[in-house]
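Working through the structure, step by step
Single-letter residue listing:
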Amino acid sequence: MEEEAIRRIREGFTALYGAEPEGGWAAPGRVNLIGEHTDYNDGFVMPFALPHVTVAAVARREDGVLRLHSADVPGGPVELRVDDLTPGSDKDWTAYPAGVVWALREAGHAVTGADVHLTSTVPSGAGLSSSAALEVVVALALNDLCALGLKGWQLARLCQRAENVYVGAPTGIMDQTASACCEAGHALFLDTRDLSQRQIPFDLAAEGMRLLVVDTRVKHAHSDGEYGKRRAGCEKGAALLGVDALRDVPYADLEAALERLGDEEEVRRLVRHIVTENQRVERVVSLLESGDTRAIGPVLTEGHASLRDDFRISCPELDTIVDTSLSAGALGARMTGGGFGGSAIVLAEEADVDTITKAVEKAFATAGFKTPRVFEAVPSAGARRLA
Ligand code: GLA
């Protein structure tokens, strides 16, 4: 399947630009198993890569021109000059790859232009990191072609800078690191403070289980502003508690910290989510490492309750997936990603998958929601060169 994708993207490149590309690269989307909104609090996350990828064919240019084209978007290539790239100037999809070129050049790397042709199977707007896949595939291609010698975590940092400064979205480092660094058959236990990582074997099929992704196919208005508000609230909490980041509040000190926050009710709720969520990531890691995989289910469900009640970023569609799948026998379920729509994950015994899927579809139809998209998530490879 991958060979077919790269053959098509290479042919598309040649038809578009009249020359052969220098190579083909792929970068995946991700789901996050546990550790939500902890990344901009210097905390722990545990994503894994999806089989869905953005694939790019790329060739270097020496003349300062950057041409960007997506097979998924109507119209011809967008042509830019690398010297003219300016943060905030682009509101289209091209801001992501252009932002990567800008961030590489800002960091002093000699990127003198490129022709890029790409296509993606990562659903966009589903909370599955289609933007990170787009950033990382371009960063990896330029890293290889320009012999920059940057490691996966360094590319992730540059891609995050592209997203924060060039695109203007105040996101953390999880999605780009997941796309750049995940390994097939593993979840990535990542400390977002120093980007130290551990690959945790995560092969549910071998144990008779499945992890479903349920895409609600909704993205609620104002979600971008709400993300920024949560982030600002967390930073306020850290400042009030006199720590660099909420990561520095140990779980054992949570009650004392909440007491110190007095009547700052909203900040107290945000702090409680972050501190308990970091602890949930650590619990999931130790359960997986001790082979007690089924026991992570209730921890995932606890995480959902915390995001719904304390962090307040769930929505009726996500809550319906969680409640319905648990009633239909799921081991655990939670929203995943930024919230306010996007996707949920459901951990289930293989034998219960059909019953759960049908129950969720029925509940959505009854509530008058859009038909959800359900697929099985298999922990897949991170970004790589294909040809
Ligand atoms: C989005 C952001 C990530 C992270 C998650 C929530 O996916 O891009 O950095 O904050 O939301 O965990």
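It should be emphasised that the depicted structure is a prediction, and the values quoted were computed from it without experimental measurement.

1. Focus on the sheet that holds strand β8 (residues 196-201)
With antiparallel pairing, 3 strands are arranged side by side in an open sheet as β2-β7-β8. Across the chains shown, the open sheet's two edge strands, defined by having one partner strand only, are β2 (44-45) and β8. Relative to strand β7 (residues 186-191), β2 runs antiparallel, the two being bridged by 2 bridges. Residue pairing in the sheet places Phe44 in a bridge with Asp191 of β7. Seen against the sheet, helix α8 (residues 265-289) touches β2, β7 and β8 and runs at an angle of roughly 45° to β8.

2. Thoughts on the layout of surface pockets
Its volume calculated, the largest pocket comes out at about 1,200 Å³. As for the largest pocket, its lining consists of 46 residues, and the residues nearest its centre are Tyr96, Gly125, Ser130, Ser131 and Glu163. Within the residue set of the lining of the largest pocket, elements represented by two or more residues are β6 (114-120), α3 (130-145), α4 (152-167), α5 (174-181), β9 (209-219), α6 (223-241) and β11 (341-349). Of the residues forming the lining of the largest pocket, the biggest block, 4 residues, is contributed by α3. The class makeup of the residues in the lining of the largest pocket is 16 nonpolar, 22 polar and 8 charged.

3. Observations regarding unusual backbone geometry
For Leu195, which is not glycine, the phi torsion reads 60° and is therefore positive. Take Leu195: it is sitting in the loop between β7 and β8. A residue is classified by how much of its surface remains accessible, and Leu195, at 4% relative accessible area, is buried.

4. Brief notes about empty space enclosed by the protein
Tallied over the entire structure, the rule returns 1 cavity of 30 Å³ or more. Of the volumes computed, that of the largest cavity is approximately 30 Å³. Looking at the lining of the largest cavity, the elements with two or more residues in it are β9 and α11 (353-367). The biggest single contributor to the lining of the largest cavity is α11, with 3 residues. Class assignment for the residues of the lining of the largest cavity results in 6 nonpolar, 1 polar and no charged.

5. Focus: the site of the ligand
Around the ligand, the surrounding shell consists of Arg30, Glu36, His37, Asp39, Tyr40, Thr171, Gly172, Met174, Asp175, Tyr227, Gly337 and Gly338. Separating an oxygen atom of the ligand from a side-chain N or O atom of Arg30 is a distance of 3.0 Å. Contact between the ligand and Asp39: an oxygen atom at 2.5 Å from a side-chain N or O atom of the residue. Look at the ligand: alone it shows 310 Å² of surface, and the protein chains cover 93% of it. Because more than half of its atoms lie within 2 Å of the grid, the ligand is assigned to the largest pocket.

6. Structural notes on the sheet that holds β11
Whether parallel or antiparallel, the strands of a sheet pair through hydrogen bonds between backbone atoms. Ordered by their spatial adjacency, 4 strands build an open sheet running β10-β11-β9-β12, and the pairing between neighbours is antiparallel. The open sheet terminates on both sides in strands that have one partner only, identified here as β10 (332-336) and β12 (373-376). Neighbour to neighbour, the strand axes of the sheet diverge by 20° on average, direction disregarded. Pairing of β9 with β11, which is carried by 8 bridges, proceeds in the antiparallel orientation. In the strand pairing of β11, Val214 is matched with Ala344. The sheet strands contacting helix α9 (residues 296-309) are β10 and β11, and the helix crosses β10 at an angle near 40°.

So, how was this worked out
Counting of residues starts from 1 at the beginning of each chain's written sequence and follows it residue by residue. The model is predicted, so local features are restricted to residues of pLDDT at least 70 and side-chain atom pairs to those at 80 or more, both for listing and for counting; the totals for chains, interfaces and linings are taken over all residues. Each side-chain value is worked out from all heavy atoms of the structure, with water and hydrogens disregarded. Only strands joined by at least two bridges in the DSSP assignment are considered to pair. Helical segments are the DSSP runs of H or I of at least four residues, strand segments are the runs of E of at least two, and each set is numbered from the N terminus. In this description, contact between two residues means that some pair of their heavy atoms is separated by no more than 4.5 Å. Interaxial angles span 0 to 180 degrees and are taken between N-to-C directions of axes, which are lines fitted to C-alpha atoms, for helices over the stretch in contact. Definitions used throughout: a 1 Å grid over protein atoms alone; a cavity as a set of points that fits a 1.4 Å probe which cannot get out; a pocket as an open set with protein on both sides within 12 Å along at least five of seven lines; a lining residue as one with an atom within 4 Å of a point. Grid points are joined across faces, edges and corners, and a volume is the space filled by probe spheres set on the points. For this scheme, ten residues count as nonpolar: Ala, Val, Leu, Ile, Met, Phe, Trp, Tyr, Cys and Pro. Four count as charged, namely Asp, Glu, Lys and Arg, and the remainder, Gly too, count as polar. Any residue under 20% of the maximum accessible area for its type is buried, any over 50% is exposed, and the rest in between are partly exposed; the area is computed with a 1.4 Å probe on protein chains only. One heavy atom within 4 Å of a molecule or strand makes the whole residue count as near it. Under the rule applied, a polar contact is a pair of N or O atoms within 3.5 Å (in protein, one hydrogen donor and one hydrogen acceptor; residues adjacent in sequence only if both atoms are side-chain atoms). Only the protein chains shown count as covering a residue, and every accessible area follows the Shrake-Rupley method with a 1.4 Å probe. Put plainly, a molecule is in a cavity or pocket when over half of its atoms are within 2 Å of the grid points there.

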